[in-house]
Amino acid sequence: VIGCFGLTEPDYGSNPSGMITRARKDGNEWVLNGAKMWITNGSTAQVAIVWAKAPEASGDGKGDDKSDRSIRGFIVPTDTKGFKAKDQKGKLSLRASDTSELVLEDVRVPASAMLPKSSGLKSPLMCLTQARYGIAWGAIGAAIACYEEALAYAKNRVMFDRPIGGFQLQQARLADMLTEIVKGQLLTLHLGRMKDAGTFTPQQVSLAKRNNVSVATDIAREARRLLGANGILAEYASMRHMANLESVYTYEGTHDIHTLILGQAVTGLNAFK
Ligand SMILES: Cc1cc2nc3c(=O)[nH]c(=O)nc-3n(C[C@H](O)[C@H](O)[C@H](O)COP(=O)(O)OP(=O)(O)OC[C@H]3O[C@@H](n4cnc5c(N)ncnc54)[C@H](O)[C@@H]3O)c2cc1C
């Protein structure tokens, strides 16, 4: 079964706490209404986890549009009446996976479809902490692919009667790539050990996601440049990674949002409010 994770909405990206999607109780069912945007695998998934405000399920049972206390997760089979997924067309990044808009119109699910013990925005954010940790590794993987492609090319491509890898400019480029890859690997390895020990914090994960995606984006661009004109061909991987990493820069918390998370962690001052 393929699943998708529906948190982002057309008007609520970096601040999902403002989400408009609502769940109301009707007898022994929840009725969901709203829309989600940019949902990976939305149109291929058999099941969607949809985050919605269910004021009746919040602690005090009151509707509260400002707070995120009433945010709950719902398991929604995608063949439920009223559920529609529409692919977003024209993507220049992550073209191998579907990214979809989900529309929910009076989608009825049983009371048991509501995830237990998942009250508040902290629940989807806990999922994101795990995903962001994986992304920190994934970005370094993409960077390694670009580095290895650039290194092989530098050793083979002859210009001015010698391999371009023999020129100091290209050696500096490769040395910088390798250095950032090794730093990112060590950072994430350390984080992984802390994860195993149950001691890592979301802020530390933000630091790794922010750093690794940023350096991987730079490395992909530098690799593309080292490849010269060949670098724009689909036959080589660097430009594909470069385009894909632009999505990774934005999803699972944009680079800017992770900057603010770190800013808050070090200053104690919340820039979101
Ligand atoms: C390919 C892809 C797949 C995705 N998959 C999923 C998915 O499966 N499920 C899901 O729920 N979502 C998914 N997303 C959505 C993604 O999480 C959002 O795009 C992301 O949270 C940013 O929201 P936004 O695009 O609305 O940008 P916005 O929030 O509108 O941000 C626009 C710009 O403003 C900046 N900004 C926002 N707030 C601040 C601030 N306080 N201070 C300074 N700058 C700020 C941002 O950093 C960004 O540069 C996906 C996105 C992409 C591109």
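Up top is the structure these notes are about.
Residues numbered from 1 in each chain as written. Predicted model: local features only at pLDDT ≥ 70, side-chain atom pairs only at ≥ 80, totals over all residues. Heavy atoms only, no water.

**Quick notes on the overall build of the protein**
Secondary structure summary: the protein contains five helices and nine strands in total. Along the protein, helices and strands appear, N-terminal first, in the series β-β-β-β-β-β-β-α-β-β-α-α-α-α. Reported as C-alpha extents along the three principal axes, the dimensions of the protein are approximately 80 × 40 × 30 Å. With 273 residues in all, the protein has 41% of them scored as buried. Pairs at least 24 apart in sequence give 72% of the contacts found in the protein among residues at least 6 apart. Across the protein, 33 positive and 27 negative side-chain charges occur, with their mean positions spaced 2 Å apart. (Helix = DSSP H or I, 4+ residues; strand = E, 2+ residues; numbered from the N terminus. Buried < 20%, exposed > 50% of the residue type's maximum accessible area, 1.4 Å probe, protein only. Contact = heavy atoms within 4.5 Å. Lys, Arg positive; Asp, Glu negative; His and termini not counted. Charge placed at Lys NZ, Arg CZ, Asp CG, Glu CD.)

**Here we look at the environment of glycine 6**
Turning to its location among the elements, glycine 6 is positioned in strand β1 (residues 3-6). Its relative accessible area of 0% is what places glycine 6 among the buried residues. Residues glycine 6 and arginine 162, 156 residues apart in the sequence, show an inter-C-alpha distance of 53 Å. Excluding residues within four positions of it along the chain, glycine 6 makes contact with Lys36, Ile39, Ile49, Val50 and Trp51.

**Remarks on the pairing of strand β2 (residues 22-26)**
Where β2 and strand β3 (residues 29-40) come together, five bridges link them in antiparallel fashion. Its bridge partner being in β3, aspartate 26 is matched across the sheet by glutamate 29. As consecutive antiparallel partners, β2 and β3 are separated by two residues, and within that stretch glycine 27 has a phi angle of approximately 65°, a positive value. (Pairing = 2+ DSSP bridges.)

**Some thoughts on the pattern of salt bridges**
Summed over the entire model, instances satisfying the criterion amount to nine salt bridges. With its nearest N and O atoms 2.7 Å apart, the salt bridge here joins arginine 173 to glutamate 222. Taken together, the residues arginine 173 in helix α2 (residues 168-196) and glutamate 222 in helix α3 (residues 202-226) connect sequence positions 49 residues apart. The partner of glutamate 180 in a salt bridge is lysine 183, with the nearest N and O atoms 3.0 Å apart. With glutamate 180 and lysine 183 both in helix α2 and three residues apart, this pair spans about one turn of that helix. Salt bridges here are not isolated pairs; linked through shared partners, they connect Asp26, Glu29 and Arg108. (Salt bridge = Lys/Arg side-chain N within 4 Å of Asp/Glu carboxyl O.)

**Re the site of the ligand**
Around the ligand sit 17 residues, and of these Thr8, Ser14, Trp38, Thr254 and Asp256 come closest. Within the backbone of phenylalanine 5, an N or O atom sits 2.7 Å from a nitrogen atom of the ligand. Within the contact set of the ligand, a nitrogen atom lies 2.8 Å away from a backbone nitrogen or oxygen of tryptophan 38. When contributions to the shell around the ligand are tallied by element, the ones reaching two or more residues are β3, α4 (238-250) and α5 (255-267). (Near = heavy atom within 4 Å. Polar contact = N/O pair within 3.5 Å; in protein donor to acceptor, adjacent residues only side chain to side chain.)

**As for the nonpolar core**
One finds Leu174, Met177, Leu226 and Leu245 to be the most contacted residues of the largest nonpolar core, which totals 26 residues. If you list the elements that add at least two residues to this core, you get α1 (122-156), α2, α3 and α4. With 10 residues, the single largest contributor to this core is α1. Here leucine 245 is in contact with Ala139, Ala142, Val213, Ala216, Thr217 and Ala220, once residues within four sequence places are set aside. (Core = buried A, V, L, I, M, F, W, Y, C linked by side-chain atoms within 4.5 Å.)

Nothing here speaks to function; it is geometry throughout.
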